[in-house]
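Report on the structure
So you can see what is in the structure, the chains are spelled out below.
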Amino acid sequence: MKKFTSVSDVKNLQEIIKKALHIKADPLTETEKGKGKTIGLVFLNSSLRTRLSSQIAAQNLGLNVLTLNAAQEAWNLEFADGAVMNGDTVEHIKDAIEVLNQYCDIIAVRCFAGMKSKEDDVNESILSQFEKHAKVPVVSLESATRHPLQSLADCITITENWKKVHKPKVVLTWAPHIKPIAHAVGNSFAEWMQEMDVELVITNPEGYDLDKNFTKDVKVIHDQEEALKDADFIYVKNWSSFDDYAAMPEVKGDWMLTNEKLAHTNDAKVMHCLPVRRNVELSDEVMDGDHSIIYQQAKNRIFSAQAVFSEILNELNAG
Amino acid sequence: MKKFTSVSDVKNLQEIIKKALHIKADPLTETEKGKGKTIGLVFLNSSLRTRLSSQIAAQNLGLNVLTLNAAQEAWNLEFADGAVMNGDTVEHIKDAIEVLNQYCDIIAVRCFAGMKSKEDDVNESILSQFEKHAKVPVVSLESATRHPLQSLADCITITENWKKVHKPKVVLTWAPHIKPIAHAVGNSFAEWMQEMDVELVITNPEGYDLDKNFTKDVKVIHDQEEALKDADFIYVKNWSSFDDYAAMPEVKGDWMLTNEKLAHTNDAKVMHCLPVRRNVELSDEVMDGDHSIIYQQAKNRIFSAQAVFSEILNELNAG
Amino acid sequence: MKKFTSVSDVKNLQEIIKKALHIKADPLTETEKGKGKTIGLVFLNSSLRTRLSSQIAAQNLGLNVLTLNAAQEAWNLEFADGAVMNGDTVEHIKDAIEVLNQYCDIIAVRCFAGMKSKEDDVNESILSQFEKHAKVPVVSLESATRHPLQSLADCITITENWKKVHKPKVVLTWAPHIKPIAHAVGNSFAEWMQEMDVELVITNPEGYDLDKNFTKDVKVIHDQEEALKDADFIYVKNWSSFDDYAAMPEVKGDWMLTNEKLAHTNDAKVMHCLPVRRNVELSDEVMDGDHSIIYQQAKNRIFSAQAVFSEILNELNAG
């Protein structure tokens with residue numbers, strides 16, 4: 001694997017899921033693989049699960065880990081090409097990346113959507129600079145439009161939780177929130193589920209349809225109750241409007257996931273990438289109940305990252 | 001040892017002090033003990049000594065260390081059970097802990113008293129959530145009411161500095177400060193000293209008596225001069241009022257520890273947990289003088305932590 | 001090597017450059033040298049290159065690394081001797097250093113000039129406290145008046161890029177900026193180049209001459225065009241006025257380095273310590289062009305640090 005920023009970087013999804021499950025069974029079989037190599041974990045935004053799981057995964061592979069909280073620990077970054085840097089920005093992202101090239105064998109970066117310019121976000125204004133200027137493999141720790149390490153962990157989790165022969169019905173449901181939230185997790189989940197052997201349905205209020213470039217022909221239902229019927233897995237996530245970018249059009253009805261709503265499903269497992277706003281996105285009873293496989297999902301972030309780093313190290317060690 | 005949040009988690013205090021002194025003599029005898037295991041050091045508050053000494057201790061035991069400055073690096077935490085999270089908080093502490101369960105073999109946490117609600121602080125509103133939700137051993141890096149790793153280091157330091165046969169007189173003296181300070185170090189020192197073979201006396205201004213649940217039958221003297229007489233060890237620490245919670249009732253006289261006051265002691269050694277406000281809590285001459293064993297105390301924080309982590313690893317490795 | 005805060009700590013500059021180049025060729029030949037020893041990297045200011053390159057260098061030597069962002073992670077520091085600490089400062093730098101003595105085998109510290117008091121900065125008000133109170137070797141990660149790890153990396157980079165027999169002409173040129181910037185890099189570069197077999201020229205606008213204590217008899221030319229003529233290396237750096245301390249006297253003409261200016265040089269290589277303000281200090285075309293060896297310089301920060309740490313470990317391991 002040469003880089004990992006979307007599902008298209010995965011040659012064989014079932015293979016990497018299998019690999020991740022092997023790693024989960026025995027995480028310390030490749031402790032020498034990353035010896036003498038360095039991964040830089042660059043955070044332009046907050047992180048708990050991604051931060052810790054990436055560190056564990058890298059350490060399990062014997063990699064040196066450099067964690068950089070760019071905004072707080074280094075310099076205020078300029079992102080505009082050709083900028084005359086006579087303002088608040090101290091270092092151009094290009095130069096920061098070129099320096100990371102000198103120090104790291106793998107560069108992993110978290111760069112959320114700014115939620116101000118649709119064009120900037122859709123074009124991945126930050127990640128694209130990493131993809132352009134990095135001379136070593138780039139791993140996305142969530143970018144403006146995708147969160148692939150999360151999605152891989154989601155695939156692992158669904159695989160672990162589905163032993164029946166028929167395709168599971170997987171419902172990605174919009175959930176309420178109080179602020180305009182990015183589309184990365186929703187987009188990414190939609191994209192990866194289309195590569196899985198599942199029946200994917202998306203449900204969200206009118207005005208909240210995700211970018212068609214990610215959802216393609218997936219059925220979108222604006223009636224949550226109808227969508228949840230017979231669901232085997234429910235993925236809960238908020239996002240703001242894509243069409244009217246980052247707006248929060250008025251929503252009719254109550255979209256918070258509750259036990260009452262779960263009653264109409266096929267004993268569905270509930271998933272969420274975390275952090276979750278309890279009693280806004282989903283109720284305490286769901287979060288703390290038997291249907292939730294949310295913490296298992298969080299744990300699988302380790303094996304998702306470790307599988308990816310391991311694949312990249314294969315490439316580096318062969319190169 | 002299954003957890004470490006107060007002296008009651010220590011089966012045999014003299015044994016663990018002895019163990020810590022062995023570690024001090026040779027810190028690298030158990031470098032394989034923590035192999036493949038991970039300790040999470042979660043800081044909800046500032047830290048210098050605790051941060052560094054815990055890292056060193058963990059590394060000496062071969063543990064992977066994940067340090068998380070929760071507020072700056074992760075998400076704004078919600079602490080209230082049942083909260084409808086439609087405000088500033090992004091992740092519930094319960095969920096953060098459940099995720100740490102997935103990633104860590106030991107969770108160590110610093111969660112100071114908020115100094116706003118006596119009830120919250122007395123009930124350890126944050127640490128109690130860790131104790132309730134953690135599925136792995138919890139270590140306190142100072143909580144609302146106790147600082148046990150400090151107290152163990154204090155016991156180690158007193159042991160190192162007392163070779164006579166009679167019981168040393170140990171005086172915990174209140175010191176001036178400019179802000180309302182928590183009771184954790186005072187409480188904890190009182191609690192641990194009652195398990196040591198010492199004569200403990202506490203001295204503080206009227207209105208500043210510590211919580212009786214910690215001081216029990218220890219003699220409290222409101223006249224500092226009288227209390228310090230014949231002291232062998234003086235432990236300097238400020239705290240605010242406990243009765244009138246977090247208030248700073250007016251204090252008569254000068255409570256700063258000076259060389260002049262030391263003259264009336266039995267050549268007493270001076271202790272402080274640091275950080276210390278020089279020329280407010282104690283004078284430069286005391287801090288920089290021969291009586292101070294304060295930096296030795298700081299060094300012993302390594303061996304206190306290492307002894308505790310090692311005991312916990314014994315339990316984990318046996319389990 | 002007993003400490004590393006200026007060029008005067010280097011016994012033989014050519015030897016250490018040679019050593020660094022050997023390390024660059026094979027960075028992992030001394031992975032056991034620092035085993036069981038700890039380096040504390042203390043940052044009182046922002047850092048990208050220094051932070052990452054020092055960590056890599058230390059890890060390559062098997063050292064444990066403790067990174068402390070002092071302001072954000074620990075306590076607000078007091079620097080004044082004898083201060084009555086009844087204000088905002090919580091811990092005296094002296095005490096922080098004494099504690100670091102207990103925890104670290106090497107203390108590395110970044111402490112920029114405050115740019116408020118010329119006297120404080122010239123006297124290295126912070127670094128001098130480390131030099132006075134540290135009982136273990138001190139390494140400067142840039143102080144008020146010097147940036148020696150950068151300068152050593154600069155010497156390595158010039159050595160790598162000069163194969164001719166005649167002395168290269170090295171021009172340190174002032175560059176525009178929008179804020180009063182410290183003199184450390186300029187001073188340090190001047191100081192180290194005087195120990196190298198080069199012809200050093202400094203060019204800056206009138207009113208911007210560096211401290212004579214660093215530049216000594218080096219020729220200073222106030223006409224950039226004249227200075228750049230036949231240059232083999234150009235080192236671009238801004239600094240504020242030294243005489244009228246931290247002022248920014250009006251500057252005539254355009255001092256930004258451009259390709260047009262490069263045309264009058266001897267095909268000069270361009271250097272900069274980074275971060276750089278593009279299109280203010282130098283143009284995009286220079287930064288992204290073939291003359292720049294700026295990223296190579298950044299990479300050499302690893303080997304500069306590793307050579308220094310290795311020399312210090314020699315001393316510690318012998319001691």
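Quick notes on the rules
Residues numbered from 1 in each chain as written. Chains lettered and ligands numbered in written order. Predicted model: local features only at pLDDT ≥ 70, side-chain atom pairs only at ≥ 80, totals over all residues. Heavy atoms only, no water. UniProt positions renumbered as here; feature names shortened; annotations may be inferred. Helix = DSSP H or I, 4+ residues; strand = E, 2+ residues; numbered from the N terminus. Rg over C-alpha atoms; globule rule 2.2 N^0.38 Å. Buried < 20%, exposed > 50% of the residue type's maximum accessible area, 1.4 Å probe, protein only. Contact = heavy atoms within 4.5 Å. Areas by Shrake-Rupley, 256 points an atom, 1.4 Å probe, with all protein chains shown as cover. Lys, Arg positive; Asp, Glu negative; His and termini not counted. Charge placed at Lys NZ, Arg CZ, Asp CG, Glu CD. Pairing = 2+ DSSP bridges. Axes fitted to C-alpha atoms, helices over the stretch in contact; angles between N-to-C directions. 1 Å grid on protein atoms, 1.4 Å probe; cavity = no way out; pocket = protein on both sides within 12 Å on 5 of 7 lines; lining within 4 Å. Points joined across faces, edges and corners; volume = space filled by probe spheres on them. Nonpolar A, V, L, I, M, F, W, Y, C, P; charged D, E, K, R; others polar. Polar contact = N/O pair within 3.5 Å; in protein donor to acceptor, adjacent residues only side chain to side chain. Least-squares fit on C-alpha atoms with pLDDT ≥ 70 in both. Salt bridge = Lys/Arg side-chain N within 4 Å of Asp/Glu carboxyl O. Buried area = accessible area lost by both parts, 1.4 Å probe. Phe/Tyr/Trp six-rings, centres within 6.5 Å; stacked < 30°, edge-to-face > 60°. Lys NZ or Arg CZ within 6 Å of the ring centre and 35° of its normal. Domains from an automatic or database assignment.

If you check an unreviewed UniProt entry, chain A appears there as N-succinylornithine carbamoyltransferase from Chryseobacterium flavum. Taken directly from UniProt, the Function (unreviewed entry) text for chain A runs: "Catalyzes the transfer of the carbamoyl group from carbamoyl phosphate to the delta-amino group of N(2)-succinyl-L-ornithine to produce N(2)-succinyl-L-citrulline. Is essential for arginine biosynthesis." Recorded in UniProt under Subunit (unreviewed entry), the annotation for chain A is "Homotrimer."

1. Side note on the overall build of chain A
Of the regular secondary structure elements, chain A holds 13 helices and 11 strands. For 319 residues, the compact-globule estimate of 2.2 N^0.38 gives 20 Å, and the C-alpha radius of gyration of chain A, at 20 Å, lies within 12% of that figure. Based on the C-alpha atoms only, the size of chain A along its principal axes is roughly 55 × 50 × 35 Å. Within chain A, the proportion of its 319 residues that are buried is 64%. In chain A, 77% of the contacts between residues at least 6 apart in sequence involve partners at least 24 apart. Roughly 11,900 Å² of accessible area belongs to chain A as shown, and the carbon and sulfur atoms make up 46% of that amount. Within chain A, one finds 35 positive and 47 negative side-chain charges whose respective centroids are separated by 4 Å.

2. So, the sheet that holds strand β6 (residues 138-140) of chain A
Residue and element names in this part refer to chain A. Here four strands make up an open sheet; going across it, the order is β2-β1-β5-β6 and the pairing parallel. Each of the sheet's edge strands pairs with one partner strand only, and the pair in question is β2 (64-69) and β6. For this sheet, the mean angle separating the axes of adjacent strands, direction not counted, is 20 degrees.

3. Observations concerning the layout of surface pockets
Approximately 2,000 Å³ is the volume found for the largest pocket. Around the largest pocket, the lining is made up of 48 residues, and of these A:Q59, A:N64, B:Q59, B:N64 and C:Q59 lie nearest the centre. For the lining of the largest pocket, the elements supplying multiple residues, two or more each, are α2 (49-60) and β2 of chain A, α2 (49-60) and β2 (64-69) of chain B together with α2 (49-60) and β2 (64-69) of chain C. A per-class count over the lining of the largest pocket returns nine nonpolar, 27 polar and 12 charged.

4. Considerations on the environment of C:S47
One can find C:S47 in the loop between β1 (38-43) and α2. Sequence-distant contacts of C:S47, defined by excluding residues within four places in its chain, comprise A:L68, A:E73, A:A74, A:W75 and C:R110. A polar side-chain atom of C:S47 sits 2.8 Å from the main-chain amide nitrogen of C:R51.

5. Quick look at the relation of the copies chain A and chain C
For the match of chain A to chain C, the screw axis carries a shift of 0.0 Å, the RMSD comes to 0.0 Å, and the turn is 120 degrees. Look at the turn and shift together and you get a three-fold axis relating the two. Identified as the residue of chain A closest to the rotation axis by C-alpha distance is A:Q72, at 5.1 Å. An overlap of only 4% is found between the interface residues of chain A and their copies at the interface of chain C, pointing to separate contact surfaces.

6. Focus on the pattern of salt bridges
Residue and element names in this part refer to chain B. Under the counting rule described, the total for this entry stands at 57 salt bridges over all chains. Across the salt bridge formed by K35 and E32, the nearest N and O atoms sit 3.3 Å from each other. Each member of the pair, K35 together with E32, is exposed. Linking R110 and E142 is a salt bridge whose minimum nitrogen-to-oxygen distance equals 3.6 Å.

7. With respect to the relation of the copies chain B and chain A
With an RMSD of 0.0 Å, the operation that places chain B on chain A is a rotation of 120 degrees combined with a shift of 0.0 Å along the axis. The residues that chain B uses at the interface reappear at the interface of chain A in only 4% of cases, marking distinct surfaces.

8. Overview of the interface of chain B and chain A
The partner chain A presents 31 residues to the 28 residues of chain B that form the contact. When chain B packs against chain A, close to 2,600 Å² is buried across both sides, 57% of that on carbon and sulfur atoms. Summed over the three residues of chain B that lose the most area to chain A, namely B:W75, B:Q102 and B:Y103, the buried surface amounts to 25% of that side. The interface formed by chain B and chain A holds four salt bridges in total. In this assembly, chain B and chain A are joined by 15 residue pairs in polar contact (both at pLDDT 80 or more). Breaking the side of chain B that touches chain A down by element, the ones donating at least two residues are β2, α3 (70-73), β4 (91-92) and α4 (93-103) of chain B. Among the elements that take part in the side of chain B that touches chain A, α4(B) stands out by supplying eight residues, more than any other. Within the side of chain B that touches chain A, the residues separate by chemical class into 13 nonpolar, nine polar and six charged.

9. Quick look at the packing of aromatic side chains
What the rule picks out here adds up to 21 aromatic pairs over all chains. Positioned above the aromatic ring of A:F43 is the side chain of A:R51, whose terminal nitrogen or guanidinium carbon lies 4.4 Å from the ring centre.

10. A look at the domain arrangement of chain A
Accessible area lost upon the coming together of the parts serves often as the stated size of an interface. Residue and element names in this part refer to chain A. When cut into domains, chain A gives domain 1 (7-147 + 302-318) and domain 2 (162-292). Each of domain 1 and domain 2 was reduced to a C-alpha centroid, and the two centroids are 27 Å apart. Between domain 1 and domain 2, roughly 1,600 Å² of surface is buried when both sides are summed, and carbon and sulfur atoms account for 67% of that area. Counting the contacts that link domain 1 with domain 2 gives one salt bridge.

11. Brief notes about the sheet that holds strand β8 (residues 199-203) of chain C
Residue and element names in this part refer to chain C. Ordered by their spatial adjacency, five strands build an open sheet running β9-β8-β7-β10-β11, and the pairing between neighbours is parallel. If you trace the sheet from one side to the other, it starts and ends with β9 (219-221) and β11 (269-271), each paired once. In this sheet, neighbouring strand axes are inclined to one another by 25 degrees on average, regardless of whether the strands run parallel or antiparallel. Pairing analysis gives five bridges linking strand β7 (residues 169-174) to β8, with the strands arranged parallel. Bridge pairing in β8 links V170 to L200.

12. Regarding the interface of chain A and chain C
On the chain C side, the residues contacting the 28 residues of chain A number 31 residues. A combined buried area of about 2,700 Å² lies between chain A and chain C, and 57% of that area is made up of carbon and sulfur atoms. Considering only the side of chain A, the residues that lose the most area to chain C are A:W75, A:Q102 and A:Y103, jointly responsible for 25% of the buried surface there. The interface formed by chain A and chain C contains four salt bridges. Taking the shortest distance from any N to any O, the salt bridge between A:E73 and C:R51 comes out at 4.0 Å. For the interface between chain A and chain C, the tally reads 15 residue pairs in polar contact (both at pLDDT 80 or more).

13. What to know about the UniProt feature "domain: Aspartate/ornithine carbamoyltransferase carbamoyl-P binding" (unreviewed entry) in chain A
The UniProt feature table records "domain: Aspartate/ornithine carbamoyltransferase carbamoyl-P binding" (unreviewed entry) at residues 2-160 of chain A. As annotated, residues 2-160 of chain A comprises 41% helix and 15% strand, and the C-alpha atoms at either end are separated by 27 Å.

14. Focus: the environment of C:K216
All names here are of chain C. Its location among the elements puts K216 in the loop between α9 (212-215) and β9. A residue is classified by how much of its surface remains accessible, and K216, at 46% relative accessible area, is partly exposed. Each C-alpha atom of the pair K216 and E191 lies 8.6 Å from the other, and the pair is 25 residues apart in sequence.

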